[in-house]
Amino acid sequence: MYTIQTLNNIVQCGLDVFGNQYEMITEGEADGILLRSFPMHTMELPASVKAIARAGAGVNNIPVEACTEKGIVVFNTPGANANAVKEMVLASLLLASRNLWDGISWAKSLYGYGDIVPELVEAGKKEYVGNEIRGKRLGIIGLGAIGALVANDALALEMEVIGYDPYVSVETAWRLSRQVQRAVNLEQIFATCDYITIHVPLVEQTRGLLNAHAFRSMKKGVRIFNFSRGELVQEEDLRDALESGIVANYVTDFPNNTVLGMKNVIPIPHLGASTYESEENCAIMAARQLKTYLETGNIRNSVNFPNVELPYFGQKRITVAHKNVPNMVGQMTAFLAEHHINIADMINRSKGSYAYTIIDIDNGVDAHIKESIATKIKNLPGVAAVRIIQ
Ligand SMILES: NC(=O)C1=CN([C@@H]2O[C@H](COP(=O)(O)OP(=O)(O)OC[C@H]3O[C@@H](n4cnc5c(N)ncnc54)[C@H](O)[C@@H]3O)[C@@H](O)[C@H]2O)C=CC1
Ligand SMILES: O=C(O)C(=O)COP(=O)(O)O
């Protein structure tokens, strides 16, 4: 029996993945945590927690580094909500270009004028003339799951598309249309684009990516779309850019009080991933990854540990999350050799400064010997967490 704590509402089909061997709780000590955007940074993590699954892409709400040091595996669901965000970006391109936000608000304000409403509409519509997006240049910062989808569909809408992503994955590169131009630096995007959309994770390197320097390099009247995270944009610099007209519109999925007070901001209440389809995709994927990890130790789509999978048929298994330093595996297997325990199968993979090892041992080993080996491994310098699965 495992216990899963949910920190946000997770759609039922995701919860159903766990089955009746799991207890679902919202407070207390759990083996696994399932969440969406719940801010975890100030949360005390019980020692019972072995893994955290983010039903979504961004993990900046999770203390990933602290989790890594404790051997807690953090998962996300790459691509599972990308289509939802892409559709929102496409809608926003039109929303901002055609002055739909102001136009609709004005039309609604005409309620009560009676029979002359149609006349007022025809007389007033000249205030809301917009631009077409066809033929305009769209700059995409970050060509991951979302950025690549936006790029391809913007081309289909006859936009000219240029993308910037120095770390683009091979998989994304294959999916991208060859018509997407490649920017060698951000200045190329800033200086030439009519529309700029940003699809990078919030990390120290990307915080404040759009700042005074960036705004100064942009074409006057550029429209900016932020469906990634509010902190990617330096707020006071944005205010100046909106006031001076460098930025014609800022469409953001992350409104806060400061940004709401700025002119020409189109605020969206973090609806990028809020579709039934995406909520289901994310919840099912996150739940499956978490369940698999708890039951087999296999890791798929973790942000802090490598993908490691060894087929599991109910055999005895030791899993170790540890630092990626020499002789870790040697020391672990030495303990097994001391007790004449045969290794049936083994795998070790690393990701950055951490690694993960799965050791399958032959059945028939006494429980107390297994426990003693687990304790010896746990006490090795560099080991973050040890589990015995059987
Ligand atoms: N508004 C919403 O509801 C949602 C927001 N998001 C946000 O969007 C972000 C991107 O999501 P995905 O495309 O699914 O993630 P992803 O991981 O597939 O793509 C991110 C891309 O950014 C690139 N990148 C990283 N640092 C960069 C830099 N300094 N300059 C240029 N490119 C850089 C990476 O190489 C990668 O290709 C998430 O991290 C999250 O913050 C994601 C889903 C829903
Ligand atoms: O997946 C992401 O990064 C998102 O921002 C989606 O957040 P949500 O699950 O809608 O709270």
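For every chain, the first residue of the written sequence is number 1, and numbering continues from 1 along that sequence. Each chain gets a letter, beginning with A, and each ligand a number, beginning with 1, in the order they are written. Restriction of local features to residues with pLDDT of at least 70 applies here, the model being predicted, together with a cutoff of 80 or more for giving and counting side-chain atom pairs; totals for whole chains, interfaces and linings are based on all residues. Hydrogens and water molecules were not included; the side-chain quantities draw on all heavy atoms of the structure.

## Some words on the sheet that holds strand β14 (residues 343–351)
Piece 1. For two strands to be treated as a pair, DSSP must find no fewer than two bridges joining them. The helix count covers DSSP runs of H or I at least four residues long, the strand count covers runs of E at least two residues long, and both are numbered beginning at the N terminus. The sheet built from four strands is open, its strands ordered β14-β15-β13-β16 with antiparallel pairing. Looking at strand neighbours, the two that pair on one side only are β14 and β16 (383–389), the edges of this open sheet. Pairs of neighbouring strands in the sheet enclose a mean axial angle of 10°, with direction left out of account.
Piece 2. With eight bridges joining them, β14 and strand β15 (residues 354–361) adopt antiparallel strand pairing. If you follow Ile 343 over to β15, its bridge partner there is Ile 361.
Piece 3. By the convention used here, residues are in contact when the closest approach between their heavy atoms is within 4.5 Å. Every axis in this analysis is a line fitted to C-alpha atoms, fitted for helices over the stretch in contact. Angles between the N-to-C directions lie between 0 and 180 degrees. With respect to the sheet, helix α12 (residues 276–296) is in contact with β13 (316–323), β15 and β16, its orientation differing from that of β16 by roughly 75°.

## Let's talk about the site of ligand 2
Piece 1. Taken together, Arg 36, Ser 37, Arg 54, Ala 55, Gly 56, Ala 57, Gly 58, Asn 81, Arg 229, His 270 and Ala 273 form the complete shell of residues around ligand 2.
Piece 2. Ser 37 is positioned such that a nitrogen or oxygen atom in its side chain is 2.5 Å from an oxygen atom of ligand 2.
Piece 3. A distance of 2.7 Å is found between an oxygen atom of ligand 2 and a backbone nitrogen or oxygen belonging to Gly 58.
Piece 4. Under the convention used here, a 1.4 Å probe and the Shrake-Rupley method define accessible areas, while residue burial counts only the protein chains that appear. For ligand 2, whose unbound accessible area comes to 320 Å², protein coverage reaches 88%.
Piece 5. Charged means Asp, Glu, Lys or Arg here, nonpolar means Ala, Val, Leu, Ile, Met, Phe, Trp, Tyr, Cys or Pro, and polar covers whatever is left, Gly included. Of the residues assigned to the shell around ligand 2, the class counts are three nonpolar, five polar and three charged. Whether a residue is near a molecule or strand depends on its heavy atoms: it is near if one of them lies within 4 Å of it. Pairing of N or O atoms within 3.5 Å defines a polar contact, subject to two protein rules: one partner must be a possible hydrogen donor and the other a possible acceptor, and residues neighboring in sequence count only if both atoms are side-chain atoms.

## Details of the domain arrangement of the protein
Piece 1. Segmentation into domains, and thus their bounds, comes from an automatic or database assignment. Taken domain by domain, the protein consists of domain 1 (1–80 + 276–304), domain 2 (82–267) and domain 3 (310–390).
Piece 2. Measuring from the centre of the C-alpha atoms in domain 1 to the corresponding centre in domain 3 gives 24 Å.
Piece 3. In total, about 1,100 Å² of surface goes out of reach between domain 1 and domain 3, with carbon and sulfur atoms giving 51% of it.
Piece 4. By definition here, a salt bridge exists when the distance from a side-chain nitrogen of Lys or Arg to a carboxyl oxygen of Asp or Glu is within 4 Å. Inspection of the domain 1/domain 3 interface yields zero salt bridges.
Piece 5. Viewed at the interface, domain 3 and domain 1 are joined by seven residue pairs in polar contact (both at pLDDT 80 or more).
Piece 6. Put simply, the parts of the chain that give the side of domain 1 that touches domain 3 at least two residues each are α2 (64–69) and α12.
Piece 7. Here the side of domain 1 that touches domain 3 gets four residues from one element, more than from any other, and that element is α12.
Piece 8. Of the residues contributing to the side of domain 1 that touches domain 3, the split by class is five nonpolar, seven polar and four charged. Summed over both partners, the accessible surface that disappears when two parts come together, traced with a 1.4 Å probe, is what is meant by buried area.

## Comments concerning the packing of helix α13 (residues 328–338) against helix α14 (residues 367–378)
Piece 1. Running from amino to carboxyl end, α13 crosses α14 at an angle of 155°, the nearest separation of the two axes being 10 Å. As far as their axial angle goes, α14 and α13 are roughly antiparallel. For α13 against α14, the interelement crossing comes out right-handed. Residues Met 332, Phe 335, Leu 336 and Glu 338 of α13 lie in contact with α14, whose contacting residues are Ile 373, Lys 376 and Ile 377.
Piece 2. By residue class, the composition of the contact of α13 with α14 is five nonpolar, no polar and two charged. By definition in this entry, angles of less than 35 degrees are roughly parallel, angles greater than 145 are roughly antiparallel, angles of 65 to 115 are roughly perpendicular, and the rest are oblique. The crossing is said to be left-handed when, going from far helix to near helix, the turn is anticlockwise and less than a right angle, and right-handed when the turn is clockwise.

## What about the packing of helix α3 (residues 82–97) against helix α6 (residues 145–156)?
Piece 1. Relative orientation of the contacting elements α3 and α6 amounts to 45°, with a least axis distance of 9 Å. In terms of orientation, α3 lies oblique with respect to α6. When you trace α3 past α6, the crossing you get is right-handed. Along the contact surface, α3 presents Ala 82, Asn 83, Val 85, Lys 86, Val 89 and Leu 90, while α6 presents Ala 145, Ile 146, Leu 149, Val 150 and Asp 153.
Piece 2. Classifying every residue of the contact of α3 with α6 by side-chain character gives eight nonpolar, one polar and two charged.

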